[in-house]
Amino acid sequence: MRTFLLVPALAIACRSPATVPGPARPPVTPDPRVEPAAPLAALVPPALRLPGTVRPTQYTLDLTIVPTAETFAGKVTIALELTAPTKVIWLHAAELTVRTAIVKSGGADQAARAVAPARQTADNEQFLAFVVERELAAGPAELTIEYTGKLSAKDSDGIYREQERGEWYVFTQFEATDARRAFPSFDEPTYKVPLQLTLHVKREHLAVANTPIVSQTDDPDGMKTVRFAVTKPLPTYLIALAVGAFEIVDGGTAGKNQTPLRILVPKGRSREAAYATSATPALLGLLEDYFGIPYPYEKLDQIAVPRKRGAMENVGLITYGGNLIAIPPGEESVTRKRRFASVGAHELAHQWFGNLVTLAWWDDVWLNESFASWIEDRIVARWQPTWNVDIGVVQRRSYAMDGDNLGTTRRIRQPIKSRDDISSAFDGVTYTKGSAVIAMFENWIGPDKFQRALRSYLTKHAHRTATTADFIAALTAEAGPDVEPVFASYLDQPGTPQVSVELVCAPGAPPKLALSQRRYAPIGSSLPAGQTWRVPLCVTFGTGTARAKTAGAKTCMVLAEPKGELALPTKSCPRWVNANAGGLGYYRVHYQGDLLDKLLAANVLTRAERVGVLGDLVALVESGQVPLGKTLERVRGLATEQTRELTAITAQLVGFLSTDIVPQSLRPNRARFVRKVLGARARELGWTPRRGEPDDRRLMRPTVLALVANVGEDAALIRQARQLTDRWITDRKAIDPDIAGLVLRVAARNGDRALFDRLHAAVKTETDLKDRRLLLGAMSAFRDPEIVKAAFTLALTDELDPRDSLTLVSSAYFDEATRELAYQFTKANLEVLLARLPRDFGSYFINMVSGFCDATHRDDAAAFYKDRAPTYLDGTRALASLIEGIDLCIAKQQAHGAEATTFLQKW
């Protein structure tokens, strides 16, 4: 599943982050038809996981679904295997009303009572016991439950409904623990069994699920019965269905087994599926070639879910956010093509990693998400070599390390002790750090050995579950026993290594590198000392200034101790040293002396390596090991670079001159500095792309123009943005789609009440979700306090969907001028806001406070959320991270303030 990664500047999306952590958990109230817990008060529920003494062997699920209804009816029969005699069968169930339950065992039937836990906690509130009078014997049994459930129009997990252009649709999102909202089940990944699904739906609706339809018959009252083929063994989180007035776009067949491909979109949007239809066969074929295993299921449907953010890899029925997979004709920009290719490759890769072979428990989420994130880059790079995916890999590695520097940061393979831990497992550590570590290990042991290990692992565990130990065993068989301790040092501890490199060239002795390692820590951090890794270190070096002259000048080692040496296989002292060959090593490099300047001057780095080296430089400034003022002097040189990645690094360096550091009196100087170094580039790029311009130019435009218009306060760009916005409100083709959101926000940021009212009027009548989000994004960017307050009030009314209007509040936290207004509004209205939003949004509000950089707001937020945070999903960790983050910001402010002032006084 692709989800929102919690990494700076990366809002990419497999869950839709548990996904946003989150409101207070509602108390569980047993339905009147469920036996009260009191008579069985001694019944002890599982702590987090089911006991394992009763296991499913197959589900038979029958659901009646009408998208306009608020409830659904269900019947599930679970074939069981009991390892010991018992009177109790524990299942997961959430917001379900049990009507009847019958257990069949030893040829006899008996009624079962559904009993909720007497003492409910966050980790047992979704368990339900089915209790019988006569003890069930060990061996096979069968449990049949009739029940009803909710079809929420507010939430987007479990089984839920959405409205698009007047039509209602039903979708599912079961990962990680929400299949239990659709049917009582063994809702843990370790229970991987077949399922046979039957749906009763309206005759005019299309019903789809994981497998092909095997029969369809008309029923009375305008309904029909749709029966699907039995699935291969699946965990509950990969089961999926959808019902509604979908349109089908036939994608033909693809792959070694000529698998049928289809794209499903809401009514009236079939023309928007063209790119996904054309791209999928190539991506699927490349994955089959890499894994050496044909696509393992009978069909492949991909479906657009209007409000979804991200995607989910359900077997045979992948769900995507509508704007990811459905691209209107004329809007097939390079940005949207790349986004679908990346997410599509990720979800397709899951059909092997995660679906064919499933993690045994959530502590191994990395076996799903890290690998899918890693291979999406490899597959897209093979498919579109001109997209320079390798540079993005190094760039995201640097972003991952940026997010890996808190004391509250978790390890890749984190023990799961609570539902909070399950939620937090789907974050940037799993997706981005995990994929970066895999890329490093593939580079270290060699692509061929790594591929053979993956193929062996998938073949051995096909249609079963597996663990990290199983994967390491496959890797060890190919690459040797030295791999395991190296891999474990990255999987089982948090943080990022920092490697210090000093070149030693003593007379009469071969040159060598003096190395040392420690955990990277930002300014003000209180991270413990002494942490080390087994770092796979590969170094290139040479005496020339062209890469061609350095062929073969590479050597590698594993730095396992706090200090070490690496002898360089050359007699002469190198002119330059690159201590992270390829830029794939998951570690920061601190070059001693003038090694960094010599390396950059030698012009020997690939584009990807240059991005990595400069990313390390930014991090060293962040940690106070490199002076800020000296580094800012590099901005003028970087500003001439013609690549989007180096432009992004320029933006990071300018970001050190944030409002937290720069006093109000020097804001004009900062604006002049930005206009001076980037103004000419911004004017040359302009708001309107040119026909046939290179991808790099198109992709760097938002970064450059956002800096110059917002930080540089460029009057001409602001005026042009307002003119374009005025036109766009009545003509959606007036602004290029790739940059429409930025143009509207720049205009609004400097706009008046008249513009706000025009945007407000437009959003009330807009039916297209994408354009509605653009309008709301603009409405959230105003800075005038009275306009901001007017926007906030909309979040408390029913005029807009609360999931949309929340952006009017949340976006205000990102601007110094409106942050305090947003914070006070949130505190005054938090319970009302949470009641209107989907479940589990509480931690989201804690995370928003992270923009502050002062002790007053830190202490106030800590007090305000102290008692609330433990009631939110992942709330305790979110609050701890918030406090630590603000403390680090204060420390950086104190460390960099004087240098920033000195630098800006020159401008």
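On a predicted model such as this, the values are computed, not experimentally measured, just so you know. (Residues numbered from 1 in each chain as written. Predicted model: local features only at pLDDT ≥ 70, side-chain atom pairs only at ≥ 80, totals over all residues. Heavy atoms only, no water.)

J.: Is there a simple way to think about the overall build of the chain in this case?
T.: Each helix and strand in the chain was counted, giving 27 helices and 29 strands. For a compact globule of 907 residues, the expected C-alpha radius of gyration is about 29 Å, and the chain comes in at 28 Å, within 12% of that figure. Entry remark: accessible area of the chain is about 33,500 Å², with carbon and sulfur atoms responsible for 52%. (Helix = DSSP H or I, 4+ residues; strand = E, 2+ residues; numbered from the N terminus. Rg over C-alpha atoms; globule rule 2.2 N^0.38 Å. Areas by Shrake-Rupley, 256 points an atom, 1.4 Å probe, with all protein chains shown as cover.)

J.: How do you make sense of the sheet that holds strand E3 (residues 86-92) when you look at a structure like this?
T.: Backbone hydrogen bonds hold the strands of a sheet together, and the pairing may be parallel or antiparallel. Here we have three strands laid out as an open sheet, ordered E3-E7-E6, and antiparallel in their pairing. Both edges of this open sheet fall to E3 and strand E6 (113-115), since each of them pairs with a single strand only. This sheet shows a mean twist of 30 degrees between the axes of neighbouring strands, independent of strand direction. With three bridges connecting them, E6 and strand E7 (residues 127-136) associate as antiparallel partners. The residue bridging Val115 from the neighbouring strand is Ala129, located in E7. (Pairing = 2+ DSSP bridges. Axes fitted to C-alpha atoms, helices over the stretch in contact; angles between N-to-C directions.)

J.: Any chance you could explain the sheet that holds strand E28 (residues 576-578) here in plain terms?
T.: Sheet architecture is open: three strands sit in the order E26-E25-E28, paired in antiparallel fashion. With one partner strand each, in any of the chains shown, strand E26 (554-559) and E28 form the two edges of the open sheet. The mean inter-strand angle of the sheet, taken between neighbouring strand axes irrespective of direction, is 25 degrees. Across six bridges, the pairing between strand E25 (residues 535-542) and E26 is antiparallel. Considered in E26, the bridge of Thr540 is made with Lys554.

J.: How should helix H17 (residues 695-711) be read in this particular structure?
T.: The α-helix winds at 3.6 residues per turn, so residues separated by three or four positions along the chain end up facing the same way. In this model H17 runs 25 Å from its N-terminal to its C-terminal C-alpha over 17 residues, within 8% of the 24 Å that 1.5 Å per residue would give. Residue Arg701 marks the point of greatest curvature in H17, where the axis turns by about 35 degrees; the proline Pro702 follows within four residues. Of the positions making up H17, those classed as buried are Asp696, Arg697, Arg698, Leu699, Met700, Arg701, Val704, Leu705, Leu707, Val708 and Ala709. Here the buried face of H17 lies against helix H3 (334-350), helix H12 (607-622), helix H15 (644-655), helix H16 (667-685), helix H18 (715-728) and helix H19 (740-749). (Expected span 1.5 Å × (residues − 1). Bend = angle between axes of the 7 residues up to and from the residue. Buried < 20%, exposed > 50% of the residue type's maximum accessible area, 1.4 Å probe, protein only. Contact = heavy atoms within 4.5 Å.)

J.: I'm lost on the packing of helix H4 (residues 366-383) against helix H5 (residues 389-402) in this one. Help?
T.: The description of two packed helices rests on the angle between their axes and on the distance between the axes. Interhelical geometry of H4 versus H5 gives an angle of 160 degrees and a closest axis separation of 9 Å. When the axes of H4 and H5 are compared, the pair comes out roughly antiparallel. From H4, Asp377, Val380 and Ala381 reach across to H5, where they touch Val389, Val393 and Arg396. Along the lines of polarity and charge, the residues of the contact of H4 with H5 split into four nonpolar, no polar and two charged. (Parallel < 35°, antiparallel > 145°, perpendicular 65-115°, else oblique. Nonpolar A, V, L, I, M, F, W, Y, C, P; charged D, E, K, R; others polar.)

J.: Mind showing me how you'd approach the pairing of strand E29 (residues 588-591) here?
T.: The side chains of a regular strand alternate between the sheet's two faces. Here E29 shows two buried faces, one formed by Arg588 and His590 and the other by Val589 and Tyr591. Taken together, the four bridges between strand E23 (residues 497-504) and E29 define a ladder with parallel strand orientation. Within the sheet, the bridge partner assigned to Val501 lies in E29 and is Tyr591.

J.: Quick question: what am I supposed to make of the state of the cysteines here?
T.: Here a disulfide denotes one covalent bond, and it connects the sulfur atoms of two cysteines. The full count for this structure, using the stated rule, is three disulfides. In this model Cys505 forms its disulfide with Cys573; the gap between the sulfur atoms is 2.0 Å. Torsion about the S-S bond of the Cys505 and Cys573 cystine: about 80 degrees, corresponding to right-handed handedness. Of the two residues, Cys505 sits in the loop between E23 and strand E24 (512-519) while Cys573 sits in the loop between strand E27 (563-567) and E28, which places them 68 residues apart along the sequence. With a sulfur-sulfur separation of 2.2 Å, Cys538 is cross-linked through a disulfide to Cys556. Note on the Cys538 and Cys556 pair: the S-S dihedral is about 110 degrees, so by sign convention the disulfide is right-handed. Of the two residues, Cys538 is situated in strand E25 and Cys556 in strand E26; the sequence distance between them amounts to 18 residues. Judged by relative accessible area, Cys538 falls into the buried class, the value being 9%. With its disulfide-bonded cysteines labelled consecutively along the sequence, the chain is connected as 1-4, 2-3, 5-6. (Disulfide = S-S within 2.5 Å.)

J.: What is the right way to read the side chain of Arg397 from this model?
T.: Secondary-structure assignment places Arg397 in helix H5. Once residues within four sequence positions are removed from consideration, Arg397 is found in contact with Ala436, Asn580, Gly583, Leu584, Gly585, Tyr586, Tyr587, Gly612 and Asp616.

J.: Would you mind showing me how to read H18 here?
T.: For H18, with 14 residues, the first-to-last C-alpha span of 20 Å sits near the 20 Å given by 1.5 Å per residue. When we look at burial in H18, the residues that qualify are Leu717, Ile718, Ala721, Leu724, Thr725 and Trp728. Seen end-on, H18 carries its buried residues on one side only, within an arc spanning 130 degrees. Here the buried face of H18 lies against H16, H17, H19, helix H20 (753-765) and helix H21 (769-779). N-capping of H18 is provided by Asp714, with a side-chain oxygen placed 3.2 Å from the backbone N of Ala716. (Arc of directions from axis to C-beta. Polar contact = N/O pair within 3.5 Å; in protein donor to acceptor, adjacent residues only side chain to side chain.)

J.: Looking at this structure, I do not really get the pairing of E3. What am I missing?
T.: Counting buried residues in E3 gives six out of seven residues, a clear majority hidden from the surface. For E3 and E7, the ladder comprises six bridges, and the chain directions are antiparallel. Note that in E7 the partner of Ile89 across the bridge is Phe130.

J.: I tried to follow the pattern of salt bridges on my own but got confused; where do I start?
T.: This structure, assessed with the given rule, holds 68 salt bridges. In this structure, Asp798 engages Arg836 in a salt bridge whose closest nitrogen and oxygen atoms are separated by 3.0 Å. In this pair, Asp798 is assigned in the loop between helix H22 (785-794) and helix H23 (802-810) and Arg836 in helix H24 (residues 819-836), connecting sequence segments 38 residues apart. Given the relative accessible area of 16%, Arg836 is considered buried. Across the pair Arg803 and Asp801 runs a salt bridge, and its minimum N-O distance is 2.9 Å. What makes Arg803 partly exposed here is its relative accessible area of 23%. Of the residues examined, Asp801 reaches a relative accessible area of 24% and is grouped as partly exposed. Connected through salt bridges with shared partners, the residues Glu95, Asp155, Asp157, Asp178, Arg181 and Arg839 form a single ionic network. (Salt bridge = Lys/Arg side-chain N within 4 Å of Asp/Glu carboxyl O.)

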